[in-house]
Amino acid sequence: MKVAVTYEAGMIFQHFGHTQQFKLYDVENGVVQGEQIVDTQGSGHGALAGFLTAHGVDTLLCGGIGGGAQNALAAAGIKLYGGISGNADEAVRALLAGTLAYNPEVHCGHHEHGHDHDCGTHSCENKDHGCGVHGDGCRG
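What you are looking at is a predicted structure, and each value in this text was computed from that prediction instead of being measured.

A. Main features of the environment of Gly63. Tracing the sequence through the fold places Gly63 in the loop between β5 (59–61) and α2 (67–75). Those residues within four positions of Gly63 in sequence are excluded, and the remaining contacts are Thr6, Ile12, Phe13, Gln14, Gly82, Gly83, Ile84 and Val106.

B. Representation of unusual backbone geometry within the structure. Although it is not a glycine, Ala9 adopts a positive phi angle of roughly 50°. Within the secondary structure layout, Ala9 lies in the loop between β1 (2–8) and β2 (11–12). Ala9 gets classed as exposed once you look at its relative accessible area, which sits at 72%. You will see that Asn29, though not glycine, has its phi angle at about 55°, which is positive. Residue placement: Asn29 occurs in the loop between β3 (21–28) and β4 (31–39).

C. Representation of the packing of aromatic side chains within the structure. Under the defined criterion, the tally for this structure stands at 3 aromatic pairs. For the pair Phe22 and Phe51, a centre-to-centre distance of 5.9 Å together with 25° between the ring planes defines the contact as stacked. Placement of Phe22 in strand β3 and of Phe51 in helix α1 (residues 45–54) is noted, with a sequence separation of 29 residues between them. For the residue pair Phe22 and Phe51, the accessibility class agrees, reading buried in each case. Their ring planes at 75° and their centres at 4.8 Å tell us that Tyr81 and Tyr102 sit as a pair that is edge-to-face. With Tyr81 in strand β6 (residues 79–81) and Tyr102 in the segment after α3 (88–97), this pair connects stretches of sequence that are 21 residues apart. Judged by relative accessible area, Tyr81 falls into the buried class, the value being 15%. Residue classification places Tyr102 among the partly exposed positions, given a relative accessible area of 35%. Following the ring pairs from residue to residue traces out a cluster consisting of Phe16, Phe22 and Phe51. One cation-aromatic arrangement involves Lys79 over Tyr81; the distance from NZ or CZ to the ring centre is 5.0 Å.

D. Main features of the pairing of β1. Of all the 7 residues making up β1, 6 are buried; the element is thus mostly covered by neighbouring parts of the structure. Pairing of β1 with β3, which is carried by 5 bridges, proceeds in the antiparallel orientation. In the strand pairing of β3, Val5 is matched with Lys23. One ladder, built from 3 bridges, connects β1 with β5; its direction is parallel. When the bridges of β5 are listed, Val5 appears paired with Leu61. Pairing analysis gives 2 bridges linking β1 to β2, with the strands arranged antiparallel. Its bridge partner lying in β2, Tyr7 is registered against Ile12.

E. The arrangement of the environment of Asn29 in detail. Judged by relative accessible area, which is 81%, Asn29 ranks as exposed. On a C-alpha basis, the gap between Asn29 and Leu96 in space is 9.5 Å, while along the polypeptide they are 67 residues apart.

Cut-off values and rules
- Residue positions are given per chain, counting from 1 as you read along its sequence in written order.
- Confidence filtering applies because this is a predicted model: local features only for residues at pLDDT of at least 70, side-chain atom pairs given and counted only at 80 or more, and all residues used for totals across whole chains, interfaces and linings.
- To get the side-chain values, all heavy atoms of the structure are used, and hydrogens and water are removed first.
- Numbering of helices and strands starts at the N terminus; helices are DSSP runs of H or I of at least 4 residues and strands are runs of E of at least 2.
- Only heavy atoms matter for contacts: two residues are in contact if any of them lie within 4.5 Å across the pair.
- Relative accessibility thresholds used throughout: buried, under 20% of the residue-type maximum; exposed, over 50%; partly exposed, between the two (1.4 Å probe, protein chains only).
- Classification of ring pairs rests on two measures: the distance between centres of Phe, Tyr or Trp rings, Trp counted by its six-membered ring, which must be within 6.5 Å, and the angle between planes, read as stacked under 30 degrees, edge-to-face over 60 and tilted in between.
- Charges are assigned to positions over rings by a cutoff of 6 Å between ring centre and Lys NZ or Arg CZ, combined with an angular limit of 35 degrees from the ring normal.
- Paired strands are those between which DSSP finds at least two bridges.

By themselves, these are just geometric observations and shouldn't be taken as functional.
Structural data, given as structure tokens:
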């Protein structure tokens, strides 16, 4: 398993689309075998799912994240644990111990501005609800 955490100065960065670094953890048999900090090179919202895929990531821990980014991660097969704050290393330890508290309905509030709907609080199982990934213009 390869876990990525949105990262800034040891803490979980709170806005996925604006993160400038990820801390990556290589995990085998429930134990961290290696870790590294990687710079996103200015990649933003949509490009970050591809960035994570290129680094072999299958699990992401982050703070806030918009609906479009959530869907891009799901399409890439990356498991999302959002709504997390605090120390990055401690969050990964909690994930591996099965005690990580996260919010499966997480979203970035700034994505609500300029739209008549909240595009990040659902799982997009219904394609006719206006989440943005299916053509209404709201992107996460």
